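# Structure assessment
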Amino acid sequence: MKKDDIRYQTYVRILKEELIPAMGCTEPIAIAYAAAKAAEVLGAVPDKVKIEVSPNIIKNVKSVVVPDTGGMKGIASAAAAGIIGGHSEKMLEVISDISEEEKAEIRRFLDVTDIQIEPAENGLVFDIIIRLFKDTHSSMVRITQYHTNIVRIDHDGRTIFDTEKGSSAGNTEAGLADKTLLNVHDIIDFADTVDIEDVKEVLDRQIAFNTRISEEGLKGSWGANIGSVTLKMNGEDVKYRAIAKAAAGSDARMSGCELPVIINSGSGNQGITVSLPVIEYAHELKVSEEQLYRALCVSNLIAIHEKSGIGRLSAYCGAVSAGCAAGAAIAYLNGDGEIAINHTLVNSLVIVSGIICDGAKPSCAAKIASSVQAGIFGYEMWKNGQEFKYGDGIVNNNVESTIRNVARLGRDGMAQTDKEIVRIMLEE
């Protein structure tokens, strides 16, 4: 693929847009980001807060620890962290510099402030609206579509920034690179031919950040310690090291570890899952640094391709897309080509596409472990001459049509499931 090809330029842009740093689960961090921006616009600590969020945001914030808060969870805690200690210019690292004094102030703020939380029942999958009030003054910030996409800012009832009109306020991702240009054949072509200097910086950061949080997950006691349990059960075989490294990163991240990760498709867990198994296999196979970069292009872009048809938030577990993409990249690292990658993807997607997303919490690490295992097993099936064939359930006659079937399942088929998951979680 040549550099002047629109696909080449778009794929580089997608990697730079999607592989960005975030500290903590990205949904509470998005709330903190909106709240920090609203507090800056207000110019004061509010005495009243109104928060509207779409049901999927409720689901993904309810049970996860907000980092740098001393273990607090939930929507109000995320907003308070952004208001008291946030720096909006840091975007998804908005609360990375909270002091001990600010942690205490966050708790005091939650105790004395009128904070109202309501579901935003407007049909948007991703919607956050933060309204702050102080005496006669007010501010409002709205984020839609994806985690950093501020579409409107109001101050004292006057709109000072507005891109809500048209498609930008809907479920389409206005302003981002065109992901419809993604397909497995072209992704492999891109990975084979990309000038490494065009992607090196973003991939170096992914390797460094995600490796560091994985090491912390294995060293400490975080969540359900799925990574450590995996190694204790299965020893040091590369297959299980790859699974354990990914799970350990999520163990730490879901339980409040204050280390940043590089995300994929808006998710730190997905960013961890597409990268750490591939890095582990690269070490085992002793491939060159260049080959690792090329394999990471495969895993990252295939995961984004799979997820773009489903949407950033749904009832379909995003770790599935990432784990299956990691399996495809492991095939690539082993020197196998497009046929192997296609069969690896189809085989693995068939195995784990039924895993639901019931919010961010420690069990995400176990779902990551299952998804990476499926990705590896899908590749091992192909190496042994086995495959799931056209007509077997959701399997279609090629990899792209099977990916479309999975997207349809996650986006449309599981829409009612998503609503029921939220109802069950709110009834607890």
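Residues numbered from 1 in each chain as written. Predicted model: local features only at pLDDT ≥ 70, side-chain atom pairs only at ≥ 80, totals over all residues. Heavy atoms only, no water.

Moving on, we get to the packing of helix α12 (residues 318-333) against helix α13 (residues 338-352). Running from amino to carboxyl end, α12 crosses α13 at an angle of 150°, the nearest separation of the two axes being 9 Å. Between α12 and α13, the crossing angle belongs to the class labelled roughly antiparallel. Where α12 crosses over α13, the two elements pack in a sense that is right-handed. The residues of α13 that touch α12, namely those facing Val320, Cys324, Ala325, Gly327, Ala328, Ala331 and Tyr332, are Ile341, Thr344, Leu345, Ser348, Leu349 and Val352. Residue composition of the contact of α12 with α13, by class: ten nonpolar, three polar and no charged. (Axes fitted to C-alpha atoms, helices over the stretch in contact; angles between N-to-C directions. Helix = DSSP H or I, 4+ residues; strand = E, 2+ residues; numbered from the N terminus. Parallel < 35°, antiparallel > 145°, perpendicular 65-115°, else oblique. Left-handed = near helix turned anticlockwise from the far one by under 90°. Contact = heavy atoms within 4.5 Å. Nonpolar A, V, L, I, M, F, W, Y, C, P; charged D, E, K, R; others polar.)

Below, the discussion takes up the sheet that holds strand β5 (residues 137-144). Across the sheet, six strands lie side by side as β3-β2-β4-β5-β6-β7; this open sheet has mixed pairing. Single-partner strands in this sheet number two, and they are β3 (114-119) and β7 (158-162). The average undirected angle you get between the axes of adjacent strands in this sheet is 10°. Looking at chain direction, strand β2 (residues 48-53) and β3 are connected through six bridges and run parallel. (Pairing = 2+ DSSP bridges.)

Moving on, we get to empty space enclosed by the protein. One pass over the full model with this rule turns up one cavity of 30 Å³ or more. Empty space within the largest cavity amounts to approximately 320 Å³. If you go around the largest cavity, you meet 32 residues; those closest to its centre are Asn60, Ser267, Gln270, Gly318 and Cys357. Counted by class, the lining of the largest cavity contains eleven nonpolar, 13 polar and eight charged residues. (1 Å grid on protein atoms, 1.4 Å probe; cavity = no way out; pocket = protein on both sides within 12 Å on 5 of 7 lines; lining within 4 Å. Points joined across faces, edges and corners; volume = space filled by probe spheres on them.)

With that settled, consider the pattern of salt bridges. Pairing is possible between side chains that carry opposite charge, provided their charged atoms lie close to one another. Per the counting criterion, the structure on display carries 27 salt bridges. A salt bridge links Lys361 to Asp358, with the nearest nitrogen and oxygen atoms 2.7 Å apart. Taking the relative accessible area as the measure of exposure, Lys361 reaches 11% and is therefore buried. Put simply, Lys383 and Glu380 hold a salt bridge, and the shortest N to O gap is 3.6 Å. In this pair, Lys383 and Glu380 are both assigned in helix α14 (residues 364-383), three residues apart and thus about one turn of the helix distant. In this structure Glu380 comes out as buried when scored by relative accessible area, which is 19%. Each of Asp68, Glu100, Lys103 and Glu258 takes part in a single network of salt bridges with overlapping partners. (Salt bridge = Lys/Arg side-chain N within 4 Å of Asp/Glu carboxyl O. Buried < 20%, exposed > 50% of the residue type's maximum accessible area, 1.4 Å probe, protein only.)

Space inside the largest pocket adds up to approximately 1100 Å³. As for the largest pocket, its lining consists of 50 residues, and the residues nearest its centre are Val125, Ile310, Gly311, Leu313 and Arg411. For the lining of the largest pocket, the leading source of residues is helix α15 (residues 399-413), giving seven residues. Class assignment for the residues of the lining of the largest pocket results in 20 nonpolar, 15 polar and 15 charged. Volume-wise, the second largest pocket comes out at about 220 Å³. Lining the second largest pocket are 15 residues, and of these Glu17, Ile20, Leu92, Tyr146 and Thr148 sit closest to its centre.

Time to look at the environment of Asp186. Tracing the backbone shows Asp186 in helix α6 (residues 184-193). When the C-alpha atoms of Asp186 and Val298 are compared, they prove to be 9.9 Å apart, with 112 residues separating the residues in sequence. Not counting residues up to four positions away in its chain, the partners in contact with Asp186 are Met1, Arg7, Tyr11 and Leu181. A polar atom in the side chain of Asp186 sits 3.0 Å from the side chain of Arg7. (Polar contact = N/O pair within 3.5 Å; in protein donor to acceptor, adjacent residues only side chain to side chain.)

Once that is clear, we can look at the side chain of Ser314. Within the secondary structure layout, Ser314 lies in the loop between α11 (289-308) and α12. From its side chain, Ser314 meets the backbone nitrogen of Tyr316 in a polar contact 3.0 Å long. The contacts of Ser314, once residues within four sequence positions are left out, are Asn56, Lys59, Cys357, Gly410 and Asp418.

Let's shift gears to the packing of α6 against α13. Following both chains from N to C, one finds α6 and α13 inclined at 130°, their axes separated by 11 Å at the closest point. With respect to α13, the element α6 is oriented oblique. For the element pair α6 and α13, the recorded crossing hand is right-handed. Counted together, Val184, His185 and Ile188 of α6 and Glu338, Ile341, Asn342 and Leu345 of α13 form the full contact between these two elements. Of the residues belonging to the contact of α6 with α13, the class tally is four nonpolar, two polar and one charged.

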